[in-house]
Amino acid sequence: MRLWRNRSRSKMHTLETGPWSVHGPQLTQLLLGGILCMTIASNTQTSAEATGAQETRAASASASATAISFDGSSDPSSASSAYSATAFSSLAQVSSLLPEAAALSATAALVEPYLDGYATSNVTTQIGTHAYLPCRVKQLGNKSVSWIRLRDGHILTVDRAVFIADQRFLAIKQPDKYWTLQIKYVQARDAGSYECQVSTEPKVSARVQLQVVVPRTEILGEPDRYVKAGSNVVLRCIVRGALEPPTFIMWYHGAEQLAADSRRHRTQLDPNLPEATGEGQSTIGSLIIESAKKRDTGNYTCSPSNSPSATVTLNIINGESSASAVTSSAATTRAYALSILALLLSVILIGVGHRT
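This is a predicted model, so every value here is computed, not measured.

Asker: Report on the sheet that holds strand β8 (residues 169-173), specifying residues and quantitative values.
Answerer: Here we have three strands laid out as an open sheet, ordered β3-β9-β8, and antiparallel in their pairing. One side of each edge strand has no neighbouring strand; the edge strands of this open sheet are β3 (131-135) and β8. On average, each strand axis in the sheet is tilted by 25° relative to the strand beside it, whichever way the strands run. In terms of strand pairing, β8 meets strand β9 (residues 179-183) through five bridges, oriented antiparallel. Directly across from K173, in β9, lies its bridge partner W179.

Asker: A description of the pairing of β9 should follow, citing residues and the corresponding values.
Answerer: Most of β9 sits out of view: five of its five residues are buried. Both β3 and β9 contribute to a ladder of five bridges, which runs antiparallel. The residue of β9 that forms the bridge with L133 is L181.

Asker: Quick rundown of the state of the cysteines? Include the residues and the values.
Answerer: The tally for this structure, following the rule as stated, stands at two disulfides. The disulfide partner of C135 is C196, and the gap between their sulfur atoms is 2.1 Å. In this structure, the disulfide formed by C135 and C196 twists by about 75° around the S-S bond and is classed as right-handed. Of this pair, C135 sits in strand β3 while C196 sits in strand β10 (residues 192-198), and the two are 61 residues apart along the sequence. Each sulfur of the disulfide joining C237 and C302 lies 2.1 Å from the other. Across the S-S bond linking C237 and C302, the dihedral sits near 55°, which makes this disulfide right-handed. Of this pair, C237 sits in strand β14 (residues 233-240) while C302 sits in strand β19 (residues 298-304), and the two are 65 residues apart along the sequence. In this pair, the class of C237 matches that of C302, namely buried. When the cysteines engaged in disulfides are numbered in sequence order, the protein chain pairs them as 1-2, 3-4.

Rules of the game
- Residues numbered from 1 in each chain as written.
- Predicted model: local features only at pLDDT ≥ 70, side-chain atom pairs only at ≥ 80, totals over all residues.
- Heavy atoms only, no water.
- Pairing = 2+ DSSP bridges.
- Helix = DSSP H or I, 4+ residues; strand = E, 2+ residues; numbered from the N terminus.
- Axes fitted to C-alpha atoms, helices over the stretch in contact; angles between N-to-C directions.
- Buried < 20%, exposed > 50% of the residue type's maximum accessible area, 1.4 Å probe, protein only.
- Disulfide = S-S within 2.5 Å.

Any functional reading would require information that these geometric values do not contain.
If you want it as structure tokens, here you go:
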């Protein structure tokens, strides 16, 4: 029994003083080193780089202390003192980083999305063009931005996802991190209020009022024209109230598009002409028909690039006989009207006579 106890004590002494011995200071150093690594990972990059140098120096000191511990010839009390010094140094580094980590956490909690500009804005565009409705929100972070049409409460987009079958609507992420709602080929019914909303609590939102300008198009003169054959005809199409002048005005004879410059037809565009009322500017597109012929009879339509179309009817009269026929017809119409007036007057006089 005594021999067995001696052998057990010999084995225990070998574990405590051998090359794989683990002391309390080593465990403390390992735990504090782990805490230090976790704190450094949550700090900023600059702090991480500065702390990395300190950690490297601490690791070198720890390696030296461990080498002393593994060396059987060194004094255990000296190794223990080195471990304690390293542990206290690591603890001091952790303590110095805690206030900075707390400050960063508090700052991140206080940063919320906010509007850059007014909560309500106006956008004016012209029918047929593209409209861009801005949502100026800063510090968006990982929050989502939704666009809603207020007249019916329809959700149009959430970030880049589109929730309407109308393919004219699209959400665009601008380089300045603003979310913009694009409406292609604007129609008159698109006018109204739109709202962008940020997924925060409470809600951060901004409204945009879209106004759609519809220009007016007309062909100067009577809707029905009578022109003698062989005469030169000039049809003038005027566009009023446009934000920008039309880039072109197309002319059609019936369903046939007329060339801009042919042997018998010419077109002319005069943009940015001042209005007689002094309000805004207008554009006039002219169609010139040289030596009109009977086949030129029919409907003529001017179609501007950014406004509705207008139509006029042109009648080409062959020679004097046709002109006299038109004059005779007009005279007959006037005579018929006078006859009706005379008949009515007679009826009135007869009625007065009976009463007397």
